[in-house]
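Given next are the chains, with one letter for each unit.
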Amino acid sequence: MRPRTLAFAVAAACSVCLPEPATAQTPTEQTGFAEDAFLDPVAGELFTMAFDGWGELGERVERYTARIDKRVSVALRGLRRDRVLYNSETAVRAFWERNRRPVVQLLGARARHPGRELALGASDLAWLDEVPFDAPFVPGSDQLFVGSDHGVTTFMPTENDFLLKHPLSEGADTLYRFRSGDTTTITLPDGRQFASVRLDVLPRVSSPHLISGTLWIDPASGALVRGAYGVSRRLDVARDIPEFREEVAGSIGYRLIPGFLKPLAAEMRLVAVDYSLWDFKVWLPRRVRYEGEVAMGMVKVPVEVEIAYSIESVALKDEVVAEGGARSPAGESLTEVHFETETEAMAFIAQLLSEDGEFTYQPVSGFLRAPGRRRSLWITPDDPSLLEDSPHLPPPIWENAPGFLSDSEVDEYIRLLAGIPVPRAKTALWNFSWGWGGQDLLRYNRVEGPAVGGHSVLALPGSYSLGASAHFGFADLRPKVRLDVERSTVLRRLGIGAYHELRATDLESGYLGFGNSVDAFLFGRDNGEYFGATGAELTWRPPATARQSFSFRAYAERQWAAETHTSFALFRAFDRDWEFRSNLAADEVEEAGGELRLSPWWGRDPERAEFGIEIFGRSAVWRRAGEEAREHYSQASATVTTIVPVRGRGWRRSRLAFEAAGGHTWGRAPVQRSWFLGGAGSLRGYSASTLSGLSFLRGRAEMSRTFEGFGGSLFGDAGWAGPAGEFDADDILYGIGVGLTIMDGVARIDLSQGLKGPKKGFRFELYLDHIL
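Residues numbered from 1 in each chain as written. Predicted model: local features only at pLDDT ≥ 70, side-chain atom pairs only at ≥ 80, totals over all residues. Heavy atoms only, no water.

Undergrad: Quick rundown of the overall build of the protein? Include the residues and the values.
TA: Within the protein, the regular secondary structure consists of eight helices and 37 strands. Relative to its full complement of 772 residues, the protein shows a buried share of 51%. Of all intrachain contacts in the protein linking residues separated by at least 6 positions in sequence, the fraction that spans at least 24 positions is 63%. Summing over all exposed atoms, the protein offers an accessible surface of approximately 34,900 Å²; the carbon and sulfur share of this is 57%. (Helix = DSSP H or I, 4+ residues; strand = E, 2+ residues; numbered from the N terminus. Buried < 20%, exposed > 50% of the residue type's maximum accessible area, 1.4 Å probe, protein only. Contact = heavy atoms within 4.5 Å. Areas by Shrake-Rupley, 256 points an atom, 1.4 Å probe, with all protein chains shown as cover.)

As structure tokens, then:
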């Protein structure tokens, strides 16, 4: 049966199905707009055309049939790489008719996430919960927020609503300003080209309810051809949701949540919408992409969603001829079939689809994922297990595929958004946290003992912010302060800072963070080497919502030695002979230089090979305090990581990981610029800083097998550090061990044993962000 004939047969059968609930509101007529809403006359003309035609063009569509592919990825951001927690691919065929519940034919569905134990072949219908699709788009309901399952039914939400305020709705001219841009040629999938005019949407104030971006308008019809936008300000739940602020944020339970899990925030980095002109008559969606991030303090969860539409048939109102209550395309005859109930109609549709496809289908009745959520009538294969290997499924979201936006197109949209002016804040946005309520504001180490800090951030005009922080250690009785000014865009963050602070020899180590503080306070194992620094710096990093794949720092500072000032650890409290190991005797120097770190990563699929490399370089000029003679040194290191799945019977969910690293220093450098090996991050089976020197080599190999979110591993480490000219293979230290991995290395518990040297020993390690 031809797709067009099949579509009308399904539509006829759907005539007895329940009516679809009212979905969209269209803006009421508005005769005048705010005088300052348009920055140029062309912008006013474009907005007026789009405003007047918004919804009307899509309402010409009486029914359509479309192939809809959807793919989703949810990850957990780490220093090494982003770990995919959930990903899914879905393929459906949607039969939509105005004022009727849509019929959805499920062609393929696949999902992967930790703890997934329910097979698609289960006898009940609980597996349908895993299909991240609700209802197809409604023509005329909205052209900018297409693809969201909940739809947009309120165009002017209150402050208590999460919904965005639409730039083409009634009253939008009081919330946004508009300016025209260049004329752009849009190329459709079939090669045809159309001219569209750019219309920038500029929010009057920054708000989590307002978008900031660009629309492309068809000057002939006023139809939206393309859109790209982001939310103008990150949503801070405790600050921006009044109900949460009043009922939850002030509660004792919320205050007991540790600061590294605050604030709860969400940010939409990019929404891109493309439309295509169907048969030169009506604009219908072609593809949609969402990129955002949900954060609980230091826990960041990037989310990506893509939807591709392939329109198979469309019937417009003026093309439909009523025949005995059933609707059919003009000039094409259909046999009338009458049904008494919706169940009979759905059974007939399933029979038609079975005759036309490779699966045998059955209707799904009586299933709702949640009250009111499943708005569509579903038809699925008799054997749902076939869905996971369906040839209709698109590839995972990290692979380029026809019908979806390519990586280069996504980058182009992001660069475009970077040129949109940043709106002013309606009120001064000021955040303050201290102690338990802030990230890394309560810490413990052998230099400061217990230290408490405070942190404040003030949003300045444009994309600038002013940050100030301070710590006070109760053992060294020395205050530390820091002041930063930062400019943040969707492309990068540029910052200038002045500081007087305690610093670890490795800035990326996290030794002044929560994990090492707990280790030091409970067990007396402080893995850091510290020195003091007073100076100023210039930094360049990726935006906060992107993976931190590079960083540059230029600095001038005075460095000073920090001594051990405490000897208390909870589980060592009654051991009078125990004390913390001595801190590094740092050289007191004045140093100016630059640092560059690059850490690209390739691959996200846990069932395929992954590869990453980290390159670090530093070059600096220094002199000892009170001396005139200057010294120069340069350093470089490289770390290569490879993760390879193991194939073969009995090796399912098994992977091998290899990591090799090396570094060298040219010239004479202060002792605090040495390389240090020992501990979970470099050489397991040995305590921190067991080895140190101006050069180092290390490697590790690991084999792990996962079981629904948890896994076990066997590993071995080897390392050497010292002067490059004194390398001797007999000086290499080795360690082996077993580990428990949680969520693909998000958290690790290791038991390791050193095999060589006087400092070898049995060690228990609990830490975050490992390769497996």
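Undergrad: Hey, could you go over the pattern of salt bridges for me, with residue numbers and the actual values?
TA: Taken as a whole, this structure holds 64 salt bridges when the rule is applied. Among the ionic pairs, Arg204 bridges to Asp36, the shortest N-O distance being 3.0 Å. Of this pair, Arg204 sits in the loop between strand S5 (193–203) and strand S6 (205–206) while Asp36 is found in the loop between helix H1 (3–13) and helix H2 (41–53), placing the two residues 168 residues apart along the sequence. A relative accessible area of 15% places Arg204 in the buried class. Overlapping salt bridges bring together Arg482, Asp484, Glu501, Arg503, Glu537, Arg553, Glu557, Glu591, Glu595, Arg618 and Arg673 as one network. (Salt bridge = Lys/Arg side-chain N within 4 Å of Asp/Glu carboxyl O.)

Undergrad: Explain the nonpolar core to me, using residue names and the numbers behind them.
TA: Ranked by internal contacts, the top residues of the largest apolar core, which has 63 residues, are Val61, Ile68 and Tyr176. Tallying contributions element by element places strand S12 (residues 299–316) first for this core, with six residues. Among all residues touching Val61, those that are not within four sequence positions of it are Trp96, Arg98, Pro139, Val282, Leu284, Val314, Ala315 and Leu316. Counting residues in hydrophobic clusters, the runner-up holds 12 residues, among them Ala91, Leu107, Ile349 and Ala350. (Core = buried A, V, L, I, M, F, W, Y, C linked by side-chain atoms within 4.5 Å.)

Undergrad: Tell me about unusual backbone geometry, and name the residues and values.
TA: Excluding glycine, a negative phi dihedral is what most residues carry, and trans is how most peptide bonds are arranged. Cis geometry marks the peptide bond from Lys262 to Pro263; its omega dihedral reads -5 degrees. Tracing the sequence through the fold places Pro263 in the loop between helix H5 (252–255) and strand S10 (264–278). Even without glycine at this site, Asn99 takes up a positive phi of about 70 degrees. Residue position: Asn99 is located in the loop between strand S2 (83–97) and strand S3 (103–112). What makes Asn99 exposed here is its relative accessible area of 56%.

Undergrad: Please provide a residue-by-residue account of the environment of Val231, values included.
TA: Inspection of the secondary structure puts Val231 in strand S8 (residues 224–231). As a C-alpha pair, Val231 and Ile211 span 20 residues in sequence and 4.4 Å in three-dimensional space. Ignoring anything within four residues of it in the chain, the contact list for Val231 reads Leu164, Ser207, Pro208, Leu210, Ile211 and Met268.

Undergrad: Which residues make up the packing of aromatic side chains, and what values go with them?
TA: A full pass over the atoms with the stated rule returns 24 aromatic pairs. Measuring from centroid to centroid gives 5.3 Å for Trp540 and Phe550, while their planes differ by 65 degrees, and the two rings are edge-to-face. With Trp540 in strand S24 (residues 530–541) and Phe550 in strand S25 (residues 550–561), the pair connects residues that are 10 residues apart, well separated along the chain. Taking relative accessible area as the criterion, Trp540 reaches 38% and is therefore assigned partly exposed. Taking the centre distance of 5.2 Å and the plane angle of 50 degrees together, the rings of Trp675 and Phe696 count as tilted. One end of the pair, Trp675, is in strand S31 (residues 675–677); the other, Phe696, is in strand S33 (residues 695–707), with 21 residues separating them in the sequence. Accessibility expressed as a relative area gives 13% for Trp675, which makes it buried. (Phe/Tyr/Trp six-rings, centres within 6.5 Å; stacked < 30°, edge-to-face > 60°.)

Undergrad: How would you explain the side chain of Arg226 if you had to name every residue and give the values?
TA: By the element assignment, Arg226 lies in strand S8. Judged by relative accessible area, which is 17%, Arg226 ranks as buried. Within the local environment of Arg226, its side chain forms a polar contact with the side chain of Tyr413, the two groups lying 3.2 Å apart. The contact partners of Arg226, leaving out residues within four places of it in the chain, are Ile186, Thr214, Leu215, Trp216, Val273, Asp274 and Tyr413. (Polar contact = N/O pair within 3.5 Å; in protein donor to acceptor, adjacent residues only side chain to side chain.)

Undergrad: Report on a nonpolar patch on the surface, specifying residues and quantitative values.
TA: There is a patch of nonpolar side chains on the surface, built from Ile252, Leu256, Trp436, Leu442, Phe514 and Val518 and spanning about 580 Å² of accessible area. Following the sequence through the fold, Phe514 ends up in helix H8 (residues 514–523). (Patch = residues over 30% accessible without salt bridge, like charges linked within 9 Å, V, L, I, M, F, W, Y side chains within 5 Å.)

Undergrad: Quick rundown of H2? Include the residues and the values.
TA: With 13 residues, H2 should reach 18 Å at 1.5 Å per residue; the first-to-last C-alpha distance of 19 Å fits that figure. Among the residues of H2, those classed as buried are Ala43, Gly44, Leu46, Phe47, Ala50, Phe51 and Gly53. One side-chain oxygen at the N-terminal end of H2 lies 3.2 Å from the backbone nitrogen of Val42; it belongs to Asp40. (Expected span 1.5 Å × (residues − 1).)

Undergrad: Describe the pairing of strand S11 (residues 282–296), listing the residues and the values that go with them.
TA: Regular strands place side chains that alternate from one sheet face to the opposite one. Of all 15 residues that make up S11, 13 are buried, and the element is covered over most of its length. Strand direction decides the pairing type here: S10 and S11, joined by 14 bridges, are antiparallel. Among the inter-strand pairings, Met268 is bridged to a residue of S11, identified as Gly292. Between S10 and S11, which pair antiparallel in sequence order, lie three residues; one of them, Asp279, sits at a positive phi of approximately 50 degrees. Where S11 meets S12, 10 bridges bridge the pair, whose relative direction is antiparallel. Among the inter-strand pairings, Ala295 is bridged to a residue of S12, identified as Lys300. (Pairing = 2+ DSSP bridges.)

Undergrad: Describe the side chain of Thr505, naming the residues involved and giving the relevant values.
TA: Its place among the elements puts Thr505 in the loop between strand S23 (493–504) and H8. Judged by its relative accessible area of 15%, Thr505 is buried. Apart from the residues within four sequence positions on either side, Thr505 is in contact with Glu529, Phe531, Leu584, Gln672 and Phe676.

Undergrad: Quick one: what's the story with helix H7 (residues 407–418), residue by residue and with numbers?
TA: End to end, H7 covers 17 Å across 12 residues, agreeing with the expected 16 Å (1.5 Å per residue, within 8%). Along H7, the positions that sit buried rather than exposed are Val410, Tyr413, Ile414, Leu416 and Leu417. Buried positions in H7, seen along its axis, are confined to an arc of 155 degrees and lie on one side of it. In H7, the exposed positions angled more than 90 degrees off the buried face are occupied by Ser408 and Glu412. Those residues of H7 that are buried are in contact with S5, strand S7 (211–217), S8, S10 and S11. (Arc of directions from axis to C-beta.)

Undergrad: Residue-level account of the confidence of the model for the protein, with values.
TA: Mean pLDDT over the protein works out to 84, with 85% of the residues at or above the 70 mark. In this model residues 149–161 is a low-confidence stretch, pLDDT under 50, and it forms 34 contacts with partners more than four residues away in sequence or in other chains. Every residue in residues 322–327 scores below 50 in pLDDT, and together they form 11 contacts with partners more than four places removed in sequence or on other chains. (pLDDT = per-residue confidence, 0-100.)

Undergrad: Requested: an account of the environment of Glu588, with residues and values cited.
TA: Relative to the helices and strands, Glu588 is located in the loop between S25 and strand S26 (589–598). Given the relative accessible area of 40%, Glu588 is considered partly exposed. Between the C-alpha atom of Glu588 and that of Val671, which follows or precedes it by 83 residues, the distance is 9.8 Å. Once residues within four sequence positions are removed from consideration, Glu588 is found in contact with Arg558, Gln559, Trp560, Ala561, Arg624 and Ala625.

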